[in-house]
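A look at the structure
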Amino acid sequence: MERYQGQFISDATRQFLSRSQRMLIGGEWVDAVGGERIEVIDPASGRTFAQVPAGAAADIDRAVMAARNAFEAGAWPKMRPVDRERLLLRFADLIEANAQELAEIEALDNGKPVTMARHVDVALVVDFLRYMAGWATKIEGSTMDVSVPLMRDRELFGFTRREPVGVVGAIIPWNFPLLMAAWKVAPALATGCTMVLKPAEETPLTALRFAELALEAGYPAGVLNVVTGHGHTAGAALAGHKGIEKVAFTGSTEIGKLVGKAAIDNMTRVSLELGGKSPVIVLDDADPAKAAAGAAQAIFFNQGQVCTAGSRLFIHKSRFDEVVEGLSGIASGMKLGPGIDPSTQIGPLVSAIQQRRVLGYIESGFAEGARAAAGGVAGEGDGYFVKPTVLVDTRDNMKVVREEIFGPVVVAMPYDDLDEVARRANDTPYGLAASIWSNDLARVHRLIPKIKAGTVWVNCHNILDNAMPFGGYKQSGIGREMGRAVIDMYTESKSVIMAL
Ligand code: NAI
Ligand code: MG
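Figured I'd write up the structure that's included with this text. Bear in mind that the values here come from a model prediction, so they are computed numbers and not experimental data. Per-chain numbering applies: the sequence of each chain, read as written, is numbered from 1 onward. By the order in which they are written, chains take letters starting at A while ligands take numbers starting at 1. Owing to the predicted nature of the model, reporting of local features is limited to residues with pLDDT of at least 70; listing and counting of side-chain atom pairs is limited to 80 or more, with chain, interface and lining totals taken over all residues. The basis for every side-chain value is the complete set of heavy atoms in the structure, and neither hydrogens nor water enter the calculation.

**Quick word on the overall build of the protein chain**
For clarity, the threshold we go by: Helix numbering and strand numbering both begin at the N terminus, where a helix is a DSSP run of H or I of at least 4 residues and a strand a DSSP run of E of at least 2. When we talk radius of gyration, it's over C-alpha atoms, and the globule rule is simply 2.2 Å times the number of residues to the 0.38. Any residue under 20% of the maximum accessible area for its type is buried, any over 50% is exposed, and the rest in between are partly exposed; the area is computed with a 1.4 Å probe on protein chains only. Contact criterion: two residues are considered in contact whenever any of their non-hydrogen atoms come within 4.5 Å of each other. For the accessible areas, the method is Shrake-Rupley and the probe is 1.4 Å, while residue cover comes only from the protein chains on display.
Each helix and strand counted, the protein chain has 17 helices and 22 strands in total. Computed over the C-alpha atoms, the radius of gyration of the protein chain is 24 Å, within 12% of the 23 Å expected from 2.2 N^0.38 for a compact globule of 500 residues. A principal-axis box enclosing the C-alpha atoms of the protein chain has dimensions of 75 × 65 × 35 Å. When the 500 residues of the protein chain are sorted by exposure, 57% land in the buried category. Partitioning the contacts of the protein chain with sequence separation of at least 6, the portion at a separation of at least 24 is 73%. Split by element, the accessible area of the protein chain, about 20,200 Å² in all, is 53% carbon and sulfur.

This is how it looks when you write it as C-alpha cells:
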C-alpha cells in the first residue's frame, strides 16, 4: 500500500487520509452516537487505510431532524431559485478544483483506475451539478382553463405549482460512489429539498469530501447531511424513517425491494435504480473488430461493476468466432493493477465478498459446462482481482446467463435471426439497458421497440447524458433519474383552483 500510495497520491489526498473521518450532521462533523467505526479497505491490497463512523438509527434520527429544520427554517427555504443555481455552480467549481484529489480517493477506496475516476466519474459529477444548477430556475407549473358544472356563473382559474418534496433520504452503492452521490444530491439541491445521504459502507470517503466542499460552497447547515454506516442499520433506519418525504436508492434489486416496501409503509416517495443483465446485440453487418472493442468496453469498464454492464453478448452466428476471438484478445491483454496506478486498465473488485461472488459465478458456469475463452480466474496478489473473463458454450438457463454477476465476466452466445435475439435479449427479469451494433438502420429501428429496457444504445454502450432520462424496466427499478424527469421525482405537484 505505502509503496504505490507514496508513489501516486497527491499532498491533498495524503492530508485527507491523515485525518480522523467524521460524519456531517447539521453542519457539524460528528462521530456516531454508538462510537463504533467501520474500517475502509484498499481493495488492491486488502489492507485498511481509513476508518469512518459506523452511524446507525440514532445518527439517522439526528440527521433527519437537522434536514427537517433546514428545510423549514433559516436561509434555505427563503433562497430564490437563482440563489440555488449560483450555489450549485459554485459547488461544481469546487469539485472541479479538487478533481484530482477526489479521483485519487475514489481510486483507493473503490479500486477503479484513477484515470477513469478523474475523466469519467469526477468529470460527470461536475457536468451534472452544472446541468442541475440550470434547472433550479426552470421549475414550472401550468395554467389551466377549468370548467366546473355547478359553478357556471363563477369565474375560475386553475394553475399548478411544483414544490420541493421535502427531506430526501439517499442510499447509494459502491460502484460509482461520488457520481451516485451527485445523482441524488444535485436534484435535491436544485429543487430546494434537503437531504440525508448514506454512502455504501465499502466506499464512504468521497461522500465526506463532497459534503465538505458543499459546506465550503456555502450551503446552510443541515441542507446536506452524510451518515456513514452499514446498510442493515443506518440504511434500513433511513429507508423506513417517518421523517423523510422521499427515498432515492441505487443498489441491488434484493435490497431495493426492501427499501421500496419500507417506503410504501410510510407512503414515502421512492425511486429505485437496481440491477441489470444488459444484452449487447451484434448484427451480421457489424464490423467484427469494432463490435469486439465495443463489447469489451461494455463489460470491462469499472471492472464490470456497472448496473448497465453489457454482460450478455449476442453475436450473429456468422460473426461469432471473429468477435469472440477479438474480445478474448482484448480481455487477455488488459493490464491489471491497483486503481491508483495511472497505467492500470483493470483494477480490483471492490471487496473480498464481491471477488468471491464473481469467482463463484464463474465456477458455477464451469460446473454447468461453460468454457472460458479468456480469464476465468482471480488475478495474482492480495488484492481482490478477477481477470477479464469471456465465457462461451453456455445455455440460456445457466446461472451465469440469468443472474447479475457484477464483475468483469461476459457470456458470449450465437444467434440466428432477429426475432430470436429479441426474445432471448428480453428473457431476463431485468430491463435496464441494451446495445445494438449495426449500421442497418431499418433493422436497428425494428429492434429498438422490441427491447424492454430503459436505455438502448446503438453502436455504443454505457454512454450517459445529463439530459437523457435514466432508469429501468421490470426488476431494474422504478422511476427515471437525470434530465427533465428527475425534477418530477424531487418535487410534488400542487393543483390550485381559485374562484374569482
Ligand atoms: P446492496 O444493495 O446491499 O447495497 C447498496 C446500498 O444499500 C449500500 O449503501 C448498502 O449499505 C445499502 N443497504 C444494504 N442493506 C440495506 C437495507 N437492509 N436497508 C437499506 N439499505 C441497505 O448491494 P451489495 O450487497 O453491496 O451488492 C450486492 C449485489 O448488488 C452486487 O453484486 C450487484 O449485483 C448488485 N448491485 C447493483 C448496483 C447497481 O448499481 N445497480 C450497485 C451495487 C450492487
Ligand atoms: Mg448487500
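On we go from here.
**Quick word on the environment of Y415**
Residue position: Y415 is located in strand β16 (residues 409–415). Residues Y415 and S18 lie 397 residues apart in sequence; the distance between their C-alpha atoms is 54 Å. Apart from the residues within four sequence positions on either side, Y415 is in contact with I281, V282, L283, D284, F314, I315, H316, K317, E420, V421 and R424.

**Quick notes on the packing of helix α11 (residues 288–300) against helix α12 (residues 320–333)**
Formally: Every angle, taken between N-to-C directions, lies between 0 and 180 degrees, and every axis is a line fitted to C-alpha atoms, over only the stretch in contact when it is a helix. Relative orientations are named as follows: roughly parallel for angles under 35 degrees, roughly antiparallel for angles over 145 degrees, roughly perpendicular for angles from 65 to 115 degrees, and oblique for any other angle. In this scheme, a crossing is called left-handed if the near helix is turned counterclockwise away from the far one by less than a right angle; it is called right-handed if the turn is clockwise.
At their nearest, the axes of α11 and α12 sit 8 Å apart, and the two run at 50° to each other. With respect to each other, α11 and α12 are oriented oblique. Crossing of α11 over α12 shows right-handed handedness. Here α11 contributes P288, A291, A292, A293, A295, A296 and F300 to the contact with α12, which in turn contributes E322, V323, G326, L327, I330 and A331.

**Looking at the packing of helix α3 (residues 57–72) against helix α9 (residues 231–239)**
This is how it is decided: Gly falls in the polar group here, along with every residue not listed as nonpolar (Ala, Val, Leu, Ile, Met, Phe, Trp, Tyr, Cys, Pro) or charged (Asp, Glu, Lys, Arg).
It is at 8 Å that the axes of α3 and α9 come closest, and there the two elements cross at 40°. As summarised for this structure, α3 and α9 are arranged oblique, according to the angle between their axes. Crossing hand, α3 versus α9: right-handed. Together, A57, I60 and V64 of α3 and A234, A237 and L238 of α9 make up the contact between the two elements. Along the lines of polarity and charge, the residues of the contact of α3 with α9 split into 6 nonpolar, no polar and no charged.

**Some thoughts on the side chain of H461**
This is how the line gets drawn: Pairs of N or O atoms within 3.5 Å make up the polar contacts considered here, provided that, within protein, one atom can donate a hydrogen while the other can accept it, and that residues adjacent in sequence are counted only when both atoms are side-chain atoms.
With respect to the element layout, H461 can be found in the loop between β19 (455–458) and β20 (473–474). From its side chain, H461 meets the backbone nitrogen of G310 in a polar contact 3.4 Å long. Sequence-distant contacts of H461, that is, excluding residues within four places in its chain, are made with P279, V280, Q297, A298, T308, A309, G310, A434, S435 and W437.

**Observations regarding the pattern of salt bridges**
Quick note on the threshold: Counted as salt bridges are all cases of a side-chain nitrogen of Lys or Arg within 4 Å of a carboxyl oxygen of Asp or Glu.
Evaluated as defined, the whole model comprises 32 salt bridges. In this structure, R209 engages E212 in a salt bridge whose closest nitrogen and oxygen atoms are separated by 2.7 Å. Here E212 and R209 lie together in helix α8 (residues 205–217), a separation of 3 residues that amounts to about one turn. When the shortest N-O distance is used, the salt bridge between R424 and E420 registers 2.8 Å. Of this pair, R424 and E420 both sit in helix α15 (residues 418–426), separated by 4 residues, roughly a single helical turn.

**Observations concerning the sheet that holds strand β12 (residues 278–282)**
Cut-off, in case you're wondering: Strand pairing is assigned whenever DSSP identifies at least 2 bridges connecting the two strands.
Ordered by their spatial adjacency, 7 strands build an open sheet running β14-β15-β16-β13-β12-β18-β19, and the pairing between neighbours is mixed. At either end of the open sheet lies a strand with only one pairing partner, and these are β14 (371–374) and β19. Across the sheet, the mean angle from the axis of one strand to that of its neighbour is 25°, orientation sign disregarded. One ladder, built from 3 bridges, connects β12 with strand β18 (residues 433–437); its direction is parallel. Bridge assignment links V280 to a residue of β18, and that residue is S435.

**A closer look at the environment of V196**
Inspection of the secondary structure puts V196 in strand β8 (residues 194–198). You can call V196 buried: its relative accessible area is 0%. C-alpha of V196 to C-alpha of A67: the two residues are 129 residues apart in sequence and 6.9 Å apart in space.

**Digging into the site of ligand 1**
Quick note on the threshold: We call a residue near a molecule or strand when any one of its heavy atoms sits within 4 Å of it.
Near ligand 1 lie 25 residues; those nearest to it are I172, W174, E201, S252 and E404. Within the backbone of G251, one N or O atom sits 3.3 Å away from a nitrogen atom of ligand 1. Between an oxygen atom of ligand 1 and a side-chain N or O atom of E404, the distance comes to 2.7 Å. Protein burial of ligand 1: of its 810 Å² of free accessible surface, 88% is covered by the chains. Looking at the shell around ligand 1, the elements that each hand over two or more residues are α9, β10 (246–250), α10 (253–266) and α13 (352–367). Ranked by the residues each element gives to the shell around ligand 1, the list is headed by α9, at 3 residues. Across the shell around ligand 1, the residue classes tally to 12 nonpolar, 8 polar and 5 charged.

These values are about where atoms sit, not about what they do.
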